[in-house]
Amino acid sequence: MNEAPAVRGVILYGPPAAGKDTVTSALMELDQRFQQFKRLKVGTGRTTGYRMGTAEQLAALEAAGDIVYANSRYDSTYVTDRPGLDEAFAGGVPVMHLGQVHGVRAVLDGYPARWLTVLLWCPRETTEARSADRGDVDTPARLAAWDATRADLDANRSFPFDLTIRTDEVDPEAAAAQIRHALTEPSELVLVDFDDTLIDRLAAVTAWVSGYCTGHGLGAEVEQRMLEAMRVRADLDVIEGLCAELGLPEPADELWSRYEPELAASVTPFPGVIEALTTVRAVGHQVVVVTNGGGQIQRAKLAASGIADVVDAVCISGETGIRKPARGAFEAAAASIGRDLSQGGWMIGDNADLDIAGGQAAGLRTIWISHGREWPGGAEPDFVARTAAEAFAHVVRGTR
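Residues numbered from 1 in each chain as written. Predicted model: local features only at pLDDT ≥ 70, side-chain atom pairs only at ≥ 80, totals over all residues. Heavy atoms only, no water.

A. Local environment of the packing of aromatic side chains. Considering all chains together, one arrives at ten aromatic pairs under this definition. Ring plane angle 50° and centroid distance 5.3 Å describe the contact between Y50 and Y78, whose orientation is recorded as tilted. With Y50 in strand β4 (residues 50–52) and Y78 in strand β6 (residues 76–81), this residue pair connects regions lying 28 residues apart in the sequence. Ring geometry for W121 against W146: centres 5.2 Å apart, planes inclined by 45°, an arrangement best described as tilted. Residue W121 is located in strand β8 (residues 115–121), and its partner W146 is located in helix α6 (residues 139–155); the two are separated by 25 residues in the primary sequence. On the basis of relative accessible area, W121 is assigned to the buried category, the value being 11%. The exposure class assigned to W146 is buried, which follows from its relative accessible area of 10%. (Phe/Tyr/Trp six-rings, centres within 6.5 Å; stacked < 30°, edge-to-face > 60°. Helix = DSSP H or I, 4+ residues; strand = E, 2+ residues; numbered from the N terminus. Buried < 20%, exposed > 50% of the residue type's maximum accessible area, 1.4 Å probe, protein only.)

In structure tokens, the structure reads:
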């Protein structure tokens, strides 16, 4: 590693025996600037990898406001302290081990630095086998901790780890190489549209309108008119207009209150999208969904489709007050992760005007999702992909 890492510190999160120690050792073999951050431990038991301290030291740190994060486990208290972090950063690239998402958040919020967050994961049976192989006397407690980590991840599905590595599938040396790659490769801003780019919104709306009309005995003409009005955009104003025009059997507010959750529950990502998003972030890029629409329904769809779990941020016009193709929409999306458009990046989407023309005007490289269509004309995108998965693969190829 000839250049200083783009990210100055690494946080490894994972259950017991997920490989935090072995991956850290592999990182240190790869480059001597990587060093394990040794948390202060007040208690008994294992001493390797810790700075052993006393209750008096703990009290002094508390009094000085120098505890960034502390947790108790295995009858001991483990402390991430400001003086220890200062010393670690002065000496190189600290690699910190944590087992709670709120601990990761506490460090990110409580010690301003540039961190790479890495989820190291392995199945429960792997933790059990590894714990037994290394002679742990507290394997049941470590399995209980594995269960707690699983529950912790389930409760924090929206937390965007920068990198996820399955250590039952990847050896420590390969894991270390992935981490170093994420640290040293230039990170790009990747903005991406949501509806009909990442999810098949049109199919979901079509199915909902068909089901609604069938359920209320409404004819094909009503169904066609509703779909025509709702295919690109559906909000309370559109619903109110349809109710007035067609005399639908429910008041507009009741119909809208049904439509939001029912549509959100029915949307699904296009094939390969979740995996492609995971890959593009694994190579170090930051992904922000930038979408027009209402905040409540868009966030419901993002959560139900799983997209919210695999992107860095979401920027919705209903929350920012700025719709694509206005430059401000793209500026807000970049700012949501602390970047600006002067750094460049990508805009990926299926709409030639909103996504491609808008992205180009904002100074971004663009990828149009064609879904098999012909380009409608105008300034052409930098790349045409049939699907979002193909578009993300193009971005990743440009990294390697």
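B. Molecular detail of the sheet that holds strand β5 (residues 67–73). One open sheet holds the four strands; their spatial order is β4-β3-β6-β5, and the pairing between them is mixed. Across the chains shown, the open sheet's two edge strands, defined by having one partner strand only, are β4 and β5. Shown here is a sheet whose adjacent strand axes are inclined to one another by a mean of 30°, direction ignored. Sheet topology places β5 next to β6; six bridges connect them, and they run antiparallel. Bridge pairing in β6 places A70 opposite V79. The sheet contacts of helix α3 (residues 82–91) involve β4, β5 and β6, and relative to β6 the element is tilted by about 55°. (Pairing = 2+ DSSP bridges. Axes fitted to C-alpha atoms, helices over the stretch in contact; angles between N-to-C directions. Contact = heavy atoms within 4.5 Å.)

C. Local environment of the side chain of K301. Along the chain, K301 falls in helix α13 (residues 295–305). The exposure class of K301 is buried, given its relative accessible area of 2%. When neighbours within four sequence positions are excluded, K301 is seen to be in contact with F194, D195, I199, R201, L263, A264 and V267.

D. Layout of the sheet that holds strand β1 (residues 9–13). The parallel open sheet is built from five strands, whose spatial order is β2-β7-β1-β8-β9. At either margin of the open sheet sits one strand with a lone partner, and together these are β2 (34–36) and β9 (163–166). Taken pair by pair, the neighbouring strands of this sheet meet at an average axis angle of 25°, ignoring direction. The pairing of β1 with β8 spans five bridges and is classified as parallel. Among the inter-strand pairings, G9 is bridged to a residue of β8, identified as W115. With respect to the sheet, α3 is in contact with β1, β7 (93–98) and β8, its orientation differing from that of β7 by roughly 140°. The strands touched by helix α7 (residues 172–184) within the sheet are β1, β2, β8 and β9, with β9 carrying the most contacts at an inclination of about 170°.

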